[in-house]
Amino acid sequence: MTQTAAARRPIGRTTLYFFGALGGILFGYDLGVISGVLPFIGKLWGLSGWDKGVITASISIGAIVGASFSSRLNERLGRRRTIMAAAVVVIIGTLAATFSPTFALLIISRLVIGIGIGLSSSTVPTYLSELAPARLRGAMGALNQIFIVLGILIAFLVSYGLGTSGNWRLMFAGAIVPAVILLAGLVFLPETPRWLVANGQEEQARAVLLSSHGGGVNVDEEIGTIREVIRLDSESAKTRFRDLLTPTVRPMLVVALLLAIGQQFSGVNAVNAYFPTMLIGLGFATQAALLSGVLLGVTKFLFTVWVVFVVDRWGRKPLLLIGNVLMVITLVAAGFIVLEVHDTATKGILMLVAMVLYLVGYELGWGAVVWVMMAEVFPLKVRAAGMGVSSVVLWAATGIISAVFPIISDPGALGLGGSMFLFAGINVVLFFLTKWLVPETKGRTLEEIELDLRGRTHAKARA
């Protein structure tokens, strides 16, 4: 009853997309807040580099679990209810983290938060891509990334504001606010038209299309296209994860996994989570290091907003390639700064400039584009499964980088400078893999991408 009412109630597109993307704030805040918490719990509990890696990576491990269940929940409950469940889990985990008396319990709390983040991160892009018309889908998908970086910026601001008091528990508690707003907002929002049609609720699907696409949409044509894809899917067996390995879908799975792994192995979360710790290690005071994190957050936010206006004009692939080039240049520069500049103040300022420019490159391409494309490339029948697998892999990559970076950046290993060179080399590899393997998807409906993919696969088979 609630679902039907929500679908029929006229809802402005701004409201629809705002609350649809709000899950990104949960993602961003919980990723970013650990950078401000680490300096304080590190002193409180005498944490080693390994301990810092574990507490940072724990949210990623939980996210892997959440993303693993996201496909099943997406199909059974729908996209909307799955995001609502994610918000509830994050609230529970955040309360536990806020009041954790020991380091071990804090890790467990972060694992619980990660489960909710995993559910949210693999569902919100699908929710947005299935609601948005083709001409706006890239911008609406990028909206999710805007909210992610806004969440990171808010986390940096909260950490800086509470830095003088060292109240790390209140830093964690801040995540409750966006989680509650998201949960409340989704009560009034509809399910996606594609899920509704697939589950025999075509009348509600028509209402949602009018609400999300505007009065100019040809509802009959949209419904007909969705029905055609569902009909083609119904001719085959029930969806299984091994369907992702069929000749039709396998190339898109490869692309999605490349994007998921590449986004994290580019080094971004080493910067997001550890930049204040890096500066403190280079001799900066704690508050100055936290303020530098705020500047990074502002940079991420501004350039992500800008990408919304160009992603559907420039295309996805050019932005990925441009971003790679800029990241390589700035990472190499950062490596030389660490190794060759010896004045503490000069080194800190130059590192801040290098990391700001690095994040400009990241947000131009790999920040906003990856989540858009992962939701675009999979056919409807395996979209939930594909996003689930891709999200699991992405979070696994996040966990690896989060856990390993404090170890490899230790002076006894590669050191901070050597770590920057390593990430630069990875980005060179990503540039060429993207150039060779990643297709362009801008300006095409999800059904057009799928039907074209089917047609090309059949053409290859006949050849």
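Just so it is clear, the model here is predicted, and its values are computed rather than measured.

**Considering the overall build of the protein**
Working step 1: Helix and strand counts for the protein stand at 22 helices and zero strands.
Working step 2: Counting over 463 residues, the protein shows a buried share of 59%.
Working step 3: The long-range share in the protein, meaning contacts at least 24 apart out of those at least 6 apart in sequence, stands at 84%.

**Quick word on the side chain of Thr 123**
Working step 1: If you trace the backbone, Thr 123 turns up in helix α6 (residues 103-131).
Working step 2: Take Thr 123: its relative accessible area is 0%, and that puts it in the buried class.
Working step 3: With residues near it in sequence (within four places) discarded, Thr 123 still touches Ser 70, Asn 74, Arg 79, Thr 82 and Ile 83.

**Some thoughts on the packing of aromatic side chains**
Working step 1: Applying the stated rule across the entire model yields ten aromatic pairs.
Working step 2: Seen in terms of ring centroids, Phe 27 and Trp 395 are 4.9 Å apart; in terms of plane orientation they differ by 35°. Their pairing is tilted. Linking Phe 27 in helix α3 (residues 23-45) with Trp 395 in helix α20 (residues 380-408), this pair joins segments that are 368 residues apart in sequence.
Working step 3: The interplanar angle of 25° and the centroid separation of 6.2 Å between the aromatic rings of Phe 405 and Phe 423 together place this pair among those described as stacked. Within this pair, whereas Phe 405 is found in helix α20, its partner Phe 423 is found in helix α21 (residues 415-437), the two being separated by 18 residues in sequence. Grouping residues by exposure puts Phe 405 and Phe 423 together as buried.
Working step 4: Members of the aromatic cluster, each reached through a chain of ring pairs, are Trp 45, Phe 103, Trp 168 and Phe 172.

**Some details on helix α19 (residues 369-377)**
Working step 1: Of all nine residues making up α19, nine are buried, and the element is well covered by its neighbours.
Working step 2: Of all the positions in α19, only Val 369, Val 370, Trp 371, Val 372, Met 373, Met 374, Ala 375, Glu 376 and Val 377 are classed as buried.

**Things to note about the nonpolar core**
Working step 1: Ranked by size, the top nonpolar core spans 126 residues in total, and within it Leu 259, Met 355, Met 374 and Phe 405 carry the most contacts.
Working step 2: Look past the residues within four positions of Phe 405 in its chain and what remains in contact with it is Ala 270, Tyr 274, Met 278, Leu 416, Ser 419, Met 420 and Phe 423.

**Some words on the environment of Glu 202**
Working step 1: Counting through the fold element by element, Glu 202 comes out in helix α11 (residues 202-213).
Working step 2: You can call Glu 202 partly exposed: its relative accessible area is 26%.
Working step 3: Once the C-alpha coordinates of Glu 202 and Arg 227 are considered, the two residues, 25 residues apart in sequence, prove to be 9.7 Å apart.
Working step 4: Each residue touching Glu 202, except ones within four places of it in the same chain, is listed here: Leu 196, Ile 223 and Arg 227.

**A look at the pattern of salt bridges**
Note that side chains of opposite charge can pair when their charged atoms are close.
Working step 1: Counted under the stated rule, the structure contains six salt bridges.
Working step 2: Put simply, Glu 202 and Arg 206 hold a salt bridge, and the shortest N to O gap is 3.4 Å. Separated by four residues within a single helix, Glu 202 and Arg 206 lie in helix α11, roughly one turn from each other.
Working step 3: Under the relative-accessibility criterion, Arg 206 is labelled partly exposed at 27%.
Working step 4: A salt bridge links Glu 202 to Arg 227, with the nearest nitrogen and oxygen atoms 2.9 Å apart.

**Quick word on the packing of α3 against helix α4 (residues 49-77)**
Working step 1: Interhelical geometry of α3 versus α4 gives an angle of 160° and a closest axis separation of 10 Å. Between α3 and α4, the crossing angle belongs to the class labelled roughly antiparallel. As α3 packs across α4, the resulting crossing turns out to be right-handed. Facing Asp 30, Ile 34, Leu 38 and Ile 41 of α3, the residues of α4 in contact are Lys 52, Ile 55, Thr 56 and Ile 59.
Working step 2: Grouping the amino acids of the contact of α3 with α4 by side-chain chemistry returns five nonpolar, one polar and two charged.

Rules behind the numbers
Residues numbered from 1 in each chain as written. Predicted model: local features only at pLDDT ≥ 70, side-chain atom pairs only at ≥ 80, totals over all residues. Heavy atoms only, no water. Helix = DSSP H or I, 4+ residues; strand = E, 2+ residues; numbered from the N terminus. Buried < 20%, exposed > 50% of the residue type's maximum accessible area, 1.4 Å probe, protein only. Contact = heavy atoms within 4.5 Å. Phe/Tyr/Trp six-rings, centres within 6.5 Å; stacked < 30°, edge-to-face > 60°. Core = buried A, V, L, I, M, F, W, Y, C linked by side-chain atoms within 4.5 Å. Salt bridge = Lys/Arg side-chain N within 4 Å of Asp/Glu carboxyl O. Axes fitted to C-alpha atoms, helices over the stretch in contact; angles between N-to-C directions. Parallel < 35°, antiparallel > 145°, perpendicular 65-115°, else oblique. Left-handed = near helix turned anticlockwise from the far one by under 90°. Nonpolar A, V, L, I, M, F, W, Y, C, P; charged D, E, K, R; others polar.

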